Amino acid sequence: MPKVGMEPLRRKALIDATISAIGERGSLDVTMSEIAGRAGVSSALAHHYFGAKDELLLATMRHILAELTADTLRALGSASTSRERVSAVVAVNFSDIQFQPETIAAWLAFYVEAQKSPSLRRLLRVYARRLHSNLMSGLTGILPRAEADRVAEATAAMIDGLYIRRALKDGVPDAATAIALVEDYLEIKLGERHKQ
């Protein structure tokens, strides 16, 4: 008889093991058996909770997005000004929780897989819309809407691009440098506005 209350813990362990396996392998080319072994459960139990590997991968992406959303909402709740809102969104994307080698590798693998998977592509679209909306929540208080839209799009592209560039490097991710690059761009764009 299964232990009561273990399912959420085991599901979380399988999701964490998926991120770890993808991070180590650098691709989604991992087996349910490998993931289950990392999580300390049987392959049968992994299949019981998630069915096919694709469902586990989808659950993992949802988990990463849910963590990012929760972190973003907390950061935005602490921001007092429009400019602080923009910086909060940037900082969250490069936080210690988000900007880890395993998570970076998972994002890159999901981007690649989204080319073939409508479900993952839909989740990545949700992520892109949320990122844009969160950036706009600050930028529209500083810039005219059309200009804010362009700056939000460029900022989001920089964030995504820095993840891709980071995935191609060895060593510990340097969040401070990534944040500084994005903030430098924002200072230029927002500073131009104040000079006009």
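Residues numbered from 1 in each chain as written. Predicted model: local features only at pLDDT ≥ 70, side-chain atom pairs only at ≥ 80, totals over all residues. Heavy atoms only, no water.

As recorded in an unreviewed UniProt entry, the protein chain goes by HTH-type transcriptional regulator BetI and comes from Mesorhizobium qingshengii. The UniProt entry for the protein chain carries this comment under Pathway (unreviewed entry): "Amine and polyamine biosynthesis; betaine biosynthesis via choline pathway [regulation]." (UniProt positions renumbered as here; feature names shortened; annotations may be inferred.)

(A) Representation of the pattern of salt bridges within the structure. Overall, the coordinates contain 9 salt bridges when judged by the stated rule. Here Lys 12 makes a salt bridge to Asp 16, at a shortest N to O gap of 2.8 Å. Linking Lys 12 with Asp 16, this pair stays in helix α1 (residues 6-25), spanning 4 residues, or about one helical turn. The partly exposed category is assigned to Lys 12, whose relative accessible area is 35%. Among the residues examined, Asp 16 registers a relative accessible area of 34% and is labelled partly exposed. One salt bridge connects Glu 34 with Arg 25, and the closest N-O pair in it is separated by 2.8 Å. (Salt bridge = Lys/Arg side-chain N within 4 Å of Asp/Glu carboxyl O. Helix = DSSP H or I, 4+ residues; strand = E, 2+ residues; numbered from the N terminus. Buried < 20%, exposed > 50% of the residue type's maximum accessible area, 1.4 Å probe, protein only.)

(B) Broad picture of the layout of surface pockets. Taken as a whole, the largest pocket spans an internal volume of roughly 190 Å³. The wall of the largest pocket is formed by 11 residues, among which Gly 23, Pro 101, Ala 105, Ala 167 and Lys 169 lie closest to the centre. The set of elements that each furnish at least two residues to the lining of the largest pocket consists of α6 (101-113) and α8 (145-167). Residue contributions to the lining of the largest pocket peak at 4 residues, all from α6. (1 Å grid on protein atoms, 1.4 Å probe; cavity = no way out; pocket = protein on both sides within 12 Å on 5 of 7 lines; lining within 4 Å. Points joined across faces, edges and corners; volume = space filled by probe spheres on them.)

(C) Spatial organisation of the packing of aromatic side chains. Counted by the stated rule, this structure contains 5 aromatic pairs. With a centroid separation of 5.0 Å and 85° between ring planes, the pair formed by Phe 94 and Phe 99 is classed as edge-to-face. Exposure remark for Phe 94: the relative accessible area of 2% places this residue in the buried category. What links up through ring pairs into an aromatic cluster is the set Phe 94, Phe 99 and Tyr 163. (Phe/Tyr/Trp six-rings, centres within 6.5 Å; stacked < 30°, edge-to-face > 60°.)

(D) Region of interest: the packing of helix α4 (residues 53-78) against α6. Contact geometry of α4 with α6 gives a least axis separation of 11 Å together with a crossing angle of 120°. Considering the angle they form, α4 stands oblique to α6. As α4 packs across α6, the resulting crossing turns out to be left-handed. Side by side, α4 and α6 meet where Leu 57, Thr 60, Met 61, Ile 64, Leu 65 and Leu 68 of the first sit next to Thr 103, Ala 106, Trp 107 and Phe 110 of the second. The class makeup of the residues in the contact of α4 with α6 is 8 nonpolar, 2 polar and no charged. (Axes fitted to C-alpha atoms, helices over the stretch in contact; angles between N-to-C directions. Parallel < 35°, antiparallel > 145°, perpendicular 65-115°, else oblique. Left-handed = near helix turned anticlockwise from the far one by under 90°. Contact = heavy atoms within 4.5 Å. Nonpolar A, V, L, I, M, F, W, Y, C, P; charged D, E, K, R; others polar.)

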